[in-house]
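Read off the chains here:
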Amino acid sequence: MDITEATRRALIERVAGSVILHADELTSLDQAIGDGDHGINMKRGFEAVLTDLDRLAAMPLPEALQAVGMTLVMKIGGASGPLYGTLFMELGKSLPDVPGFADVTIAFEAAIAAVKRRGKSDAGCKTMLDVLIPVLETLKSGQPGSAGRLPAVAAAAAEATRPMKAVRGRASFLGDRSIGHVDPGARSSALMISAICKTLEAAA
Ligand code: ADP
Ligand code: MG
């Protein structure tokens, strides 16, 4: 998969654009089970990424992903900044310049493992990992059309955090009262997965 400069630009614009467009929704999800800053944090991070769009799009994919990760760590803050920063930086470290389907799966698995280590978290804790892990599993299934199903898998996985009880992050302070709300980080992960898949599909 040759990801051209135009595609790298479109990827950054679409991912950032989707997060920024949904900032109020992410904030209201975080108002229910956190401190109400997830949308604000994510918007600040991705606005900073967009200010550097020309330079980022001109970089080879691995370097661009690492640079995006660094900006997210510095600008998002909270719990999600270091975690999303780790995800993007690790993807950048693991992906070759011209990745194939298998490279994407391997890099995504390595990036998720890094997020798990950093957050001392795993599937079922009601976090972003509850979207990222099902997406990885769908990629690994290698079934025909699995890439095209990822936005729907991610959206369903975000919704599936609603009945979960949070055991990591700020929402865990609420105990049983975290049940009944979609996790904000799960929703932001689903938005990003969907934007990436739709951009790559359009570029293919
Ligand atoms: P904060 O909780 O510091 O206010 P944000 O509101 O920006 O940070 O992000 C909250 C999101 O971060 C949660 O919805 C959850 O998805 C994710 N998160 C929090 N802690 C962890 C963790 N230990 N592992 C994975 N994801 C986490
Ligand atoms: Mg918060």
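That block above? That's the structure.
Residues numbered from 1 in each chain as written. Chains lettered and ligands numbered in written order. Predicted model: local features only at pLDDT ≥ 70, side-chain atom pairs only at ≥ 80, totals over all residues. Heavy atoms only, no water.

Trainee: Go over the site of ligand 1, please, and point to the residues and values.
Mentor: Around ligand 1 sit 20 residues in total, of which Ala79, Ser80, Gly119, Asp183 and Gly185 are the nearest. Contact distances for ligand 1 include 3.0 Å between an oxygen atom and a side-chain N or O atom of Asp35. A distance of 3.0 Å separates an oxygen atom of ligand 1 from a polar backbone atom of Met128. In the complex, the protein chains occlude 93% of the 570 Å² of accessible area that ligand 1 would expose alone. Of all the cavities here, the one that holds ligand 1 is the second largest pocket. Looking at the shell around ligand 1 element by element, the count peaks at three residues for helix H10 (residues 184-203). Here the shell around ligand 1 is composed, by residue class, of five nonpolar, nine polar and six charged. (Near = heavy atom within 4 Å. Polar contact = N/O pair within 3.5 Å; in protein donor to acceptor, adjacent residues only side chain to side chain. Areas by Shrake-Rupley, 256 points an atom, 1.4 Å probe, with all protein chains shown as cover. 1 Å grid on protein atoms, 1.4 Å probe; cavity = no way out; pocket = protein on both sides within 12 Å on 5 of 7 lines; lining within 4 Å. Sits in = over half its atoms within 2 Å of the grid points. Helix = DSSP H or I, 4+ residues; strand = E, 2+ residues; numbered from the N terminus. Nonpolar A, V, L, I, M, F, W, Y, C, P; charged D, E, K, R; others polar.)

Trainee: Can you tell me about the environment of Gly69, naming the residues and giving the values?
Mentor: The topology assignment puts Gly69 in helix H5 (residues 61-76). Residue classification places Gly69 among the buried positions, given a relative accessible area of 0%. Residues Gly69 and Gln31, spaced 38 residues apart in sequence, show a C-alpha to C-alpha distance of 25 Å. With residues near it in sequence (within four places) discarded, Gly69 still touches Gly85, Phe88 and Met89. (Buried < 20%, exposed > 50% of the residue type's maximum accessible area, 1.4 Å probe, protein only. Contact = heavy atoms within 4.5 Å.)

Trainee: So what's going on with unusual backbone geometry? Which residues, and what values?
Mentor: Of note in the backbone geometry, Lys120 takes a positive phi value of approximately 45° without being a glycine. With a relative accessible area of 65%, Lys120 lands in the exposed category. Its identity is not glycine, yet Lys126 carries a phi of approximately 65°, on the positive side. Lys126 gets classed as buried once you look at its relative accessible area, which sits at 1%.

Trainee: Before we move on, could you go through the pattern of salt bridges and cite the residues and values that matter?
Mentor: This model, assessed by the stated rule, comprises ten salt bridges. When the shortest N-O distance is used, the salt bridge between Arg187 and Glu25 registers 2.6 Å. You can see Arg187 sitting in helix H10 and its partner Glu25 sitting in helix H2 (residues 23-33), a full 162 residues away along the chain. Among the residues examined, Arg187 registers a relative accessible area of 22% and is labelled partly exposed. Asp122 is the partner of Lys116 in a salt bridge, and the nearest nitrogen-oxygen pair spans 3.3 Å. (Salt bridge = Lys/Arg side-chain N within 4 Å of Asp/Glu carboxyl O.)

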